[in-house]
Amino acid sequence: MYDPSQLRTFLAVAQTLSFTQAARRLGLRQSTVSQHVRRLEDAAGRQLFSRDTHSVELTEDGEAMLGFARRLLEVHEQATAFFTGTRLRGRLRFGASEDFVLTRLPEILEAFRHDHPEVDLELTVELSGTLHERLAAGRLDLVLAKRRPQDPRGEPVWTDRLVWIGAERLRVDPDRPVPLIVYPPPGITRALALEALEREGRPWRIACTSGSLNGLIAAARAGLGVMAHSRRLVPPGLVRVPERAGLPELGEVDFVLVHGRRPGTATNAAEALAAAILTGGDRLHGGPRRL
């Protein structure tokens, strides 16, 4: 009833909320993306997206289709691998940025390990900037991380706006330097935060530096300062800093998948994991599953 190619297109649009970005991710024309979505809506007999010239949003039926589409594609890929006799093997060095520590990425990795038990998956969690450096040095095969501004490399998973966050009780004094909670260099959000403050001529000071997201969260919850963070990944116990604080806009950041250049068995395994992440990308900013 449901064409796998149409389901993949639907997921790409649902994750990016953009027909243009979905087309770019899938290597399709935008008209083809629209056609796939229209045919899937015809097959389902329901409208899956509410769209106009400015925005794309999932309808209630679209939200329901999201879970079905992900499961249908997972089963389709498992059946294809079983009946074609293809079994991935070898070592796959995967790097994920600290941003994904509190998301449901572990569920995606668990499913990948179940589907490909002969792949030796080696996970590295680091700052996005550090992961890009290790990938360039040939020490990783696949990276899921933020992309540096003006860097064209990588397959977009989603784009999000950066916002200032802190403890609810925190008050930012406009007459004093902004207390910052930041990753050490080469943290991408650190660089974007400092650049935004410098552009506005706003004084700042470093209140806390930590290479661990949990360390930054602890400092923020203690009210030590503010931090730049993805709008859809705000950790529990922290809130967006009100606009009345007068902090500058931080802009958007792309979360991307970047492949390494090491040939051999790792290439196929990296492509399979990348496909699994893109298929389940909506789970990456949906929060961790509660146990």
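Everything that follows concerns the structure shown earlier in this document.
Quantities reported herein were computed from a predicted structural model and do not represent experimental measurements. (Residues numbered from 1 in each chain as written. Predicted model: local features only at pLDDT ≥ 70, side-chain atom pairs only at ≥ 80, totals over all residues. Heavy atoms only, no water.)

## Section: the overall build of the protein
Piece 1. Helix and strand counts for the protein come out as 9 helices and 11 strands.
Piece 2. Across its three principal directions, the C-alpha atoms of the protein cover 65 × 45 × 40 Å.
Piece 3. Taken across its 291 residues, the protein has 47% of its residues classed as buried.
Piece 4. Considering only contacts within the protein whose residues lie at least 6 apart along the sequence, 76% involve residues at least 24 apart.
Piece 5. By element, 49% of the accessible surface of the protein is carried by carbon and sulfur atoms, the whole surface being about 14,900 Å².
Piece 6. Each charge class in the protein can be summarised by its mean position, and for the 40 positive and 36 negative side chains these summaries are 2 Å apart. (Helix = DSSP H or I, 4+ residues; strand = E, 2+ residues; numbered from the N terminus. Buried < 20%, exposed > 50% of the residue type's maximum accessible area, 1.4 Å probe, protein only. Contact = heavy atoms within 4.5 Å. Areas by Shrake-Rupley, 256 points an atom, 1.4 Å probe, with all protein chains shown as cover. Lys, Arg positive; Asp, Glu negative; His and termini not counted. Charge placed at Lys NZ, Arg CZ, Asp CG, Glu CD.)

## Some thoughts on helix α8 (residues 213-221)
Piece 1. Along α8, the residues classified as buried are Leu213, Leu216, Ile217, Ala219 and Ala220. Along the axis of α8, the buried positions cluster into a sector of 160 degrees, meaning they face one direction only.
Piece 2. If you check the start of α8, you find a side-chain oxygen 3.2 Å away from the backbone N of asparagine 214, and it comes from serine 212. (Arc of directions from axis to C-beta. Polar contact = N/O pair within 3.5 Å; in protein donor to acceptor, adjacent residues only side chain to side chain.)

## Examining the pattern of salt bridges
Piece 1. Tallying each qualifying case throughout the model produces 11 salt bridges.
Piece 2. The salt bridge partner of arginine 51 is glutamate 41, with a shortest N-O separation of 3.4 Å. With arginine 51 in strand β1 (residues 49-51) and glutamate 41 in helix α3 (residues 30-44), this residue pair connects regions lying 10 residues apart in the sequence.
Piece 3. Accessibility expressed as a relative area gives 38% for arginine 51, which makes it partly exposed.
Piece 4. Assessed through its relative accessible area of 11%, glutamate 41 is described here as buried.
Piece 5. Here arginine 161 ties to glutamate 252 by a salt bridge, and the two come within 3.9 Å at their closest N and O atoms. Here arginine 161 is found in strand β6 (residues 155-166), whereas its partner glutamate 252 is found in strand β11 (residues 252-259), with 91 residues between them in sequence.
Piece 6. A cluster of three or more residues bridged by salt bridges with shared partners is formed by Asp160, Arg231 and Arg232. (Salt bridge = Lys/Arg side-chain N within 4 Å of Asp/Glu carboxyl O.)

## Let's talk about the packing of aromatic side chains
Piece 1. The full count for this structure, using the stated rule, is 5 aromatic pairs.
Piece 2. A centroid spacing of 5.4 Å and a plane angle of 50 degrees characterise the contact between phenylalanine 10 and phenylalanine 49, whose relative ring orientation is tilted. With phenylalanine 10 in helix α1 (residues 4-16) and phenylalanine 49 in strand β1, the pair connects residues that are 39 residues apart, well separated along the chain.
Piece 3. Phenylalanine 49 gets classed as buried once you look at its relative accessible area, which sits at 0%.
Piece 4. Aromatic pair phenylalanine 100 and tryptophan 158: ring centres 6.0 Å apart, planes at 85 degrees, arrangement edge-to-face. Of this pair, phenylalanine 100 sits in the loop between β3 (90-97) and α5 (105-115) while tryptophan 158 sits in strand β6; the two residues are 58 residues apart in sequence, bridging distant segments of the chain.
Piece 5. The exposure class assigned to phenylalanine 100 is buried, which follows from its relative accessible area of 3%.
Piece 6. One aromatic cluster is present, formed by Phe10, Phe19 and Phe49 through successive ring pairs. (Phe/Tyr/Trp six-rings, centres within 6.5 Å; stacked < 30°, edge-to-face > 60°.)

## Notes on the pairing of β11
Piece 1. Relative to β11, strand β5 (residues 142-146) is paired through 5 bridges, and the arrangement is antiparallel. In the sheet register, leucine 142 faces β11, and the bridge partner there is histidine 259.
Piece 2. Alignment of β6 against β11, held across 6 bridges, turns out to be antiparallel. Each residue of the ladder has a partner; that of threonine 159, found in β11, is aspartate 254. (Pairing = 2+ DSSP bridges.)

## A look at the side chain of threonine 103
Piece 1. Mapped onto the fold, threonine 103 is located in the loop between β3 and α5.
Piece 2. Here the side chain of threonine 103 touches phenylalanine 100 through a polar contact of 3.0 Å, landing on its backbone oxygen.
Piece 3. Among the polar contacts made by the side chain of threonine 103, one reaches the main-chain amide nitrogen of leucine 105 at a distance of 3.2 Å.

## Focus: the nonpolar core
Piece 1. Counting residues in each nonpolar core, the largest one holds 45 residues, and the members touching the most others are Phe94, Trp164, Val226 and Leu273.
Piece 2. Ignoring any residue separated from it by four or fewer positions in sequence, one finds valine 226 in contact with Trp164, Ile165, Leu170, Val172, Val178, Pro179, Leu180, Ile181, Val241 and Leu247.
Piece 3. Counting residues in hydrophobic clusters, the runner-up holds 20 residues, among them Ala14, Val37, Leu58 and Leu66. (Core = buried A, V, L, I, M, F, W, Y, C linked by side-chain atoms within 4.5 Å.)

Keep in mind these values describe shape, not function.
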